[in-house]
Amino acid sequence: MTEVLDTANAIGRPIKRKEDARLLHGQTNWTDNIQLPGTVHMAILRSPVAHANITKLDISGALKRPNVVAAFGAEELGDLNGSVPCVWPVTDDIVMPDFPALAKGKVHHMGDCVAVVLATDATSAVDALEAIDVEYDVLPAVIDMEKAIAPGSTIVHEDKGTNTCYVYNLGGGYDEVAAKADVIVKRRFINQRLIPAFMEPRSVVAAPMGMSDEITVWSSTQIPHILRVLLALVTGVPENNLRIIAPDVGGGFGGKLQIYREEILVTQLARKLGKPVKWTETRSEDMVASHHGRDQIQDIELAATKDGKMLGLKVTLLADMGAYLQIITPGTPLLGMFMYPGIYKMDAYDFTCTGVFTNKTPTDAYRGAGRPEATYAIERIVDELANELGMEPMELRRKNWITHEEFPYTTVAGLTYDTGNYEAATAKALEMFDYDGLRAEQKQRRESGDPVQLGIGISTFTEMCGLAPSRTLGALKYVAGGWEHCTVRLLPTGKVEVITGTSPHGQGHETAWSQIASSILGVPVEDIEVIHGDTGRAPYGMDTYGSRSLAVGGQAIKAASERLVDKARVIAAHQLECSPSDLEFVEGVFSVKGDAEKSQPLGAVAFEAFTAHNLPDGVEPTLSAEATIDPQDFSYPHGTHLAAMEVDTETGKVTLRKYVCVDDIGIQVNPMIVEGQVHGGLAQGIAQAMYEGASYDEDGLLQTASLADYLIPSSMDLPSFITGSTVTPSTTHPLGTKGVGEAGAIASTPAIINGIVDALRPLGVNEMAMPASPMTVWKTIQAAKGGAA
Amino acid sequence: MIPVAFDYTQPSTVDEALASLAAGGEDAKIMGGGQSLMPVLRLRMAAPSVVVDCSRIDEMIGICEDDTHVIIGAATTHHAVMNDPLVKKYVPLLAEVTSTVADPAIRHRGTLGGALAHADPAGDQPSAAQALNAQFLIAGPSGRRTVDAKDFFVDYFTTAVGPDEILVSVAFPKQSDGWGYHYEKFSRTAQAWAMVGVAAAVRMEGGKIAEARVALTNMAPTSVRATSTEAALVGASTMADIAAASVNAADGTSPTSDIHADAEYRAHLAQVLTKRAVGKAAALS
Amino acid sequence: MQHISVTVDGMEYNAEVEPRTLLVHWLRNGIGKVGTVVGCDTSNCGACTVLLDGRSVKSCSVLAVQANGSEVTTIQGLADGNEWHPVQTAFKECHGLQCGYCTPGMVLAAVDLLGENPNPSEAEIREGLEGNLCRCTGYHNIVKSVAYAAELMGGGSK
């Protein structure tokens, strides 16, 4: 299986993944696999109701059950009951309710933690939950955001006196341009609540180390480094005594970009009991206790001239925070704030977002985090404007998008897009799609009155990723930076360790990061080990989310590798008795320019640095280099996505017949991995449009609390995808990369819905709620027919 | 995810199973393949005193025929049923319906008798049994009895099998010439239960429907026959005739409403799917 | 407690188990076969799929006592020494996995599928994997992997 590679060209090659051998043989290290001697297992009693005062909580019964070691409610836990932190207070006057790990006298959402039992085995812990005596005085549940902020509503956190978390404004001037507009299109879009549903349920193990104060926490997390800082702050464990390990992590999609109450509980209880404590969630727990995503009501206005020139955009959002603020709950909708204008030129942009508390699971980042919502709104309303004006929707886009000659371009939202070529991506996508052929078929089906209508959905999107320039984050009141770190170590035998602060959970960093280092060091990919996800081995990092790992972390690998070569050059020059500037470095070998006989491979330099017998004066032994890179700017991938949708007008059933996308993510380190990332993103974005939606009843009970009810698409519910790319390198990122983790999820949702609406336009359909379930589609058709159902 | 504690027996004869059932009292639970029971146990929505595992009772496993029927042991797996030559030849509707149940791994464990006795209103096989007039052999402390499909399904998750009884086998009449079959299943995703399903069996004579049986999945507490549509279908020879007869498909049903489909939509689906199922069964669509 | 004797990946194990013990929990916690994982509690995800007497089953939906006397093959027993099973090879070659959590179940479901149908069409592959959820790949490359595995095994995709 060894790949023979021209290392100079390691970037851009579809190298098979290093990770796969262990993953394909069950030799993985999921957190739940960790079985430390003497482990105590934790089980959690969760609230079965959305909003209630806890009128009685007696844990004594549980203590009498076999194998039970301890049990705690909030009262018993006392000062160890840490609160879940929020690190993004988006406004000065934001309302931030306390979020204790164990509820203190009141539960605020179904799944809230009420008590915990610890036993010597998991079964006994679960059994003993039934012996806890708990009574609830159920209160009305706050479910609907508009009702929540209306006068007289039940208040989720009475001590705060309001359900409004914050109001955030940006931009201005819309009203002036709207006054001059020929056409104003107004729509309300519901960007429904989704559940990340990563395949590996969350799991945490915390183990005190000997009799010292040190504690190691294994967690199925995307953010071991951030978790270390926050857990130290929340628990009081000195940060230097706290080691966090994210072992193999089975997906995250933003859902594991979090510090969870269970991580706090397991850590605190391991300290209190002096024993390893372990907790692994069931899927049923995951559905109510891991954070959810999206959930916005979007009121959108687009003003234009009659010939289709966009003038201004007004965005008014209600964003559901859920019951509490988690790590970046309030900031998540604001990550989309800059993206509503999309790829279009216009003169004015007004944005207002109101964060609202409800008695639901907290929301936070889910693949795209704010940008899918923004992209959905702009791409949907552009289609509606085209319909209003009687223009071909692609033509309207062409008329308004930033042309490739206009980059860098500062948008009305204030971002400066460095590069892009929307024309090229679109031209390629249209050709791959057979756009004209499908339009002809659509016409024919319309004319023949075919019960199965065909629609074509367009999404020409961009996004901002590569989170993020630290100063920008600071200006937005996010309390951390957006840099990334890498250390590259050349070992005495010529092998390489790349120590990265990114923390993969399926992305293939071990392979791709090796490719980057290989391309600079000239060391074969298989001789490079990527170390990640362990604050003991990779102490510095900002982890993996927001399509940042390559865009930011990749820069750090490049810089550290180059610095290592610089140091090696000095040693090699000394060995070869020449000046460093006389050396060239090709394919891992230093050689004297014009005298190729005089050369020394990097591995030999490494051994010299190890023995230190003959180093130049002032050069320290060992050969390593590090770099911490703060990105110059965000990166802006873009692309054109096209969906052919068949809609059975008799049943409302929608079938995705063909999906074509052309993404421009700049330079691709590993095109195979890139394509895989696009596929997975597409599946999640398509699922939002067609299948998924977290649904609460009026009592605040989650009706989609299992994978039997929350409909993740299976292999039979999706087609194969037709993917392509154009390459317009980023000019603000030294590798020319942009990021790809979220592109598919951001772009695809509006393509699907635009396609469904396009299929049904002749029936008078101009809107489609998500997910476009058969019943929703059928009822929308009936309503458009004038209630003829 | 961890069931409550229970006792477990694995009898090798029906009589032993009946004895275990009697000994276990009212909280004893029969397990066929366990594919419906296990999730319920894992979610702690059931707390049986004893699980009587009937998956290794020889008499309840396997498929045979007599002159008029194909007889299927209740503990025969879905996988065995849908691939069995006798079933495919003489009861093709059952083979077709069974192939739509769940997924391959579940079909390797799940059993025909288990699915029928569980009687989930969204289950597919009850409609096949209804449309085909299957006969159910039930064993109890006082002996054995045979129940017709029309009397077998009583209510939500309730059948004619008493708490002290066991479903031993199901006999399906062999298909005779002139009959055509189809099952039209409509679900939101491939994994999801049927929102509505329609099993149609029609006998054609001279290009016209001479006899029709239409059974509806998930339109009532049990699978039900669309009797007024069945009557109206007699004599139909075109899709237009079938569509006209299908308008009454939901008559007398009482579909539920849930987040995926409300009663109004289910009633509409019943009409459309009946038209499609009958059309395909009659080879007219 | 009940006594069971089960052959797992070629080794016979004897154990005392509670009747309520799920096969997957016994594999993971009883004998340390942690390659088989749990992803849900409603039989939807298929992450726990193993071969029981040669056929795919969801090991969360089988009691350990029900496996008494049977042979179980997990992802850890699929390779022949250092020789990868063709399905494993194909998944690597076609990038049929990302986070890898669904992979044990997905691979064993594919092995079962190809055992029954050595020459599956894309539709048949998609149908055969219907009981195994993946959140990373959109299934595109999983379907390609299974088709390629069919080729490697001498069948080939229609």
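Residues numbered from 1 in each chain as written. Chains lettered and ligands numbered in written order. Predicted model: local features only at pLDDT ≥ 70, side-chain atom pairs only at ≥ 80, totals over all residues. Heavy atoms only, no water.

Undergrad: Just checking my understanding: could you explain the overall build of chain B for this structure?
TA: A count of helices and strands for chain B gives twelve helices and 14 strands. Taken against the 2.2 N^0.38 rule, which gives 19 Å for 285 residues, the C-alpha radius of gyration of chain B at 19 Å falls within 12% of a compact globule. Along the first, second and third principal axes, the C-alpha set of chain B runs to 55 × 45 × 35 Å. Buried positions account for 58% of the 285 residues belonging to chain B. Look at the contacts in chain B between residues 6 or more apart in sequence, and 61% of them connect residues 24 or more apart. When the accessible surface of chain B is summed, it comes to about 10300 Å², and 52% of that surface belongs to carbon and sulfur atoms. Counting 22 positive and 31 negative side-chain charges, chain B places the centres of these two groups 6 Å from one another. (Helix = DSSP H or I, 4+ residues; strand = E, 2+ residues; numbered from the N terminus. Rg over C-alpha atoms; globule rule 2.2 N^0.38 Å. Buried < 20%, exposed > 50% of the residue type's maximum accessible area, 1.4 Å probe, protein only. Contact = heavy atoms within 4.5 Å. Areas by Shrake-Rupley, 256 points an atom, 1.4 Å probe, with all protein chains shown as cover. Lys, Arg positive; Asp, Glu negative; His and termini not counted. Charge placed at Lys NZ, Arg CZ, Asp CG, Glu CD.)

Undergrad: How should the pattern of salt bridges be read in this particular structure?
TA: Pairing between side chains of opposite charge can happen when their charged atoms approach one another. Residue and element names in this part refer to chain A. Within the structure shown, the criterion is met by 71 salt bridges over all chains. In this structure, the salt-bridge partner of E384 is R380, at a minimum N-O distance of 3.1 Å. Of the two residues, E384 and R380 both sit in helix α10 (residues 371-389), four residues apart, roughly one turn of that helix. Neither residue differs from the other here; E384 and R380 are each classed as buried. Of the charged contacts in the structure, one is a salt bridge between D664 and K738, with a shortest N-O distance of 3.2 Å. Of the two residues, D664 is situated in strand β27 (residues 654-664) and K738 in the loop between β28 (722-725) and α19 (743-760); the sequence distance between them amounts to 74 residues. (Salt bridge = Lys/Arg side-chain N within 4 Å of Asp/Glu carboxyl O.)

Undergrad: I tried to follow the interface of chain A and chain B on my own but got confused; where do I start?
TA: Interface extent is often summarised as the accessible area lost during association of the parts. Opposite the 29 residues of chain A that make contact, chain B presents 24 residues. Across the interface of chain A and chain B, roughly 2300 Å² is buried in total on both sides, 57% from carbon and sulfur atoms. Considering only the surface of chain A that becomes buried against chain B, E650, L711 and M775 of chain A emerge as the three largest contributors, covering 24% of it. The interface formed by chain A and chain B holds seven salt bridges in total. D648 of chain A is the salt-bridge partner of R276 of chain B, the closest N and O atoms lying 2.8 Å from each other. The tally of links from chain A across to chain B stands at 14 residue pairs in polar contact (both at pLDDT 80 or more). Listing elements by their share of the side of chain A that touches chain B, those giving two or more residues are α4 (122-129) and α20 (774-784) of chain A. Looking at the side of chain A that touches chain B, its residues break down into eleven nonpolar, nine polar and nine charged. (Buried area = accessible area lost by both parts, 1.4 Å probe. Polar contact = N/O pair within 3.5 Å; in protein donor to acceptor, adjacent residues only side chain to side chain. Nonpolar A, V, L, I, M, F, W, Y, C, P; charged D, E, K, R; others polar.)

Undergrad: Quick question: what am I supposed to make of the pairing of strand β3 (residues 50-53) of chain B here?
TA: Taken residue by residue, a regular strand's side chains alternate between the two faces of the sheet. Residue and element names in this part refer to chain B. Here β3 shows no split at all, with V50 and V52 on one side and V51 and D53 on the other all buried. Where strand β1 (residues 7-9) meets β3, three bridges bridge the pair, whose relative direction is parallel. Bridging across to β3, Y8 finds its partner in V51. Handedness of the crossover joining strand β2 (residues 28-31) and β3 through helix α2 (residues 37-42) is recorded here as right-handed. (Pairing = 2+ DSSP bridges. Right-handed = clockwise from strand over helix to strand, strands pointing away.)

Undergrad: When you look at empty space enclosed by the protein in this model, what are you seeing that I'm missing?
TA: To locate leftover empty space, one rolls a probe as large as a water molecule over the atoms. Residue and element names in this part refer to chain A. For the structure shown, the criterion picks out six cavities of 30 Å³ or more. Each pocket or cavity is described by its volume, and for the largest cavity that value is around 700 Å³. As for the largest cavity, its lining consists of 45 residues, of which Q507, T544, S547, R548 and G741 are closest to the centre. Residue assignment for the lining of the largest cavity shows that the elements contributing at least two residues are α15 (509-521), α16 (549-576) and α18 (671-690). (1 Å grid on protein atoms, 1.4 Å probe; cavity = no way out; pocket = protein on both sides within 12 Å on 5 of 7 lines; lining within 4 Å. Points joined across faces, edges and corners; volume = space filled by probe spheres on them.)

Undergrad: Sorry if this is basic, but what is going on with the interface of chain C and chain A here?
TA: Between chain C and chain A, the contact holds 46 residues from the first and 55 residues from the second. For the chain C and chain A pair, buried surface summed over both sides reaches about 4400 Å², with 57% attributable to carbon and sulfur atoms. Here R20 of chain C ties to D127 of chain A by a salt bridge, and the two come within 2.6 Å at their closest N and O atoms. For the pair chain C and chain A, the interface holds 25 residue pairs in polar contact (both at pLDDT 80 or more). The set of elements that each furnish at least two residues to the side of chain C that touches chain A consists of α1 (23-30), α2 (86-93), α3 (103-116), α4 (122-128) and α5 (140-152) of chain C. Ranked by the residues each element gives to the side of chain C that touches chain A, the list is headed by α2 of chain C, at five residues.

Undergrad: Help me out: how do you make sense of the sheet that holds strand β11 (residues 179-186) of chain B in this one?
TA: Whenever strands of a sheet pair, they do so through backbone hydrogen bonds, lying parallel or antiparallel. Residues and elements named next belong to chain B. Ordered by their spatial adjacency, four strands build an open sheet running β11-β12-β13-β14, and the pairing between neighbours is antiparallel. Each edge of the sheet is formed by a strand with only one pairing partner; in this case those strands are β11 and β14 (224-225). As paired strands, strand β13 (residues 208-217) and β14 are joined by two bridges and run antiparallel to one another. By the bridge assignment, L216 is partnered in β14 with V224. The strands that helix α12 (residues 263-281) touches are β11, β12 (196-205) and β13; relative to β12, the one it contacts most, it runs at about 35°. (Axes fitted to C-alpha atoms, helices over the stretch in contact; angles between N-to-C directions.)

Undergrad: I'm lost on the confidence of the model for chain A in this one. Help?
TA: Keep in mind that low pLDDT regions are not for reading the predicted coordinates in detail. In this model, chain A carries an average pLDDT of 96, and 99% of its residues clear a pLDDT of 70 or more. In the model, residues 1-5 of chain A has pLDDT below 50 throughout and makes eleven contacts with residues more than four positions away in sequence or in other chains. (pLDDT = per-residue confidence, 0-100.)

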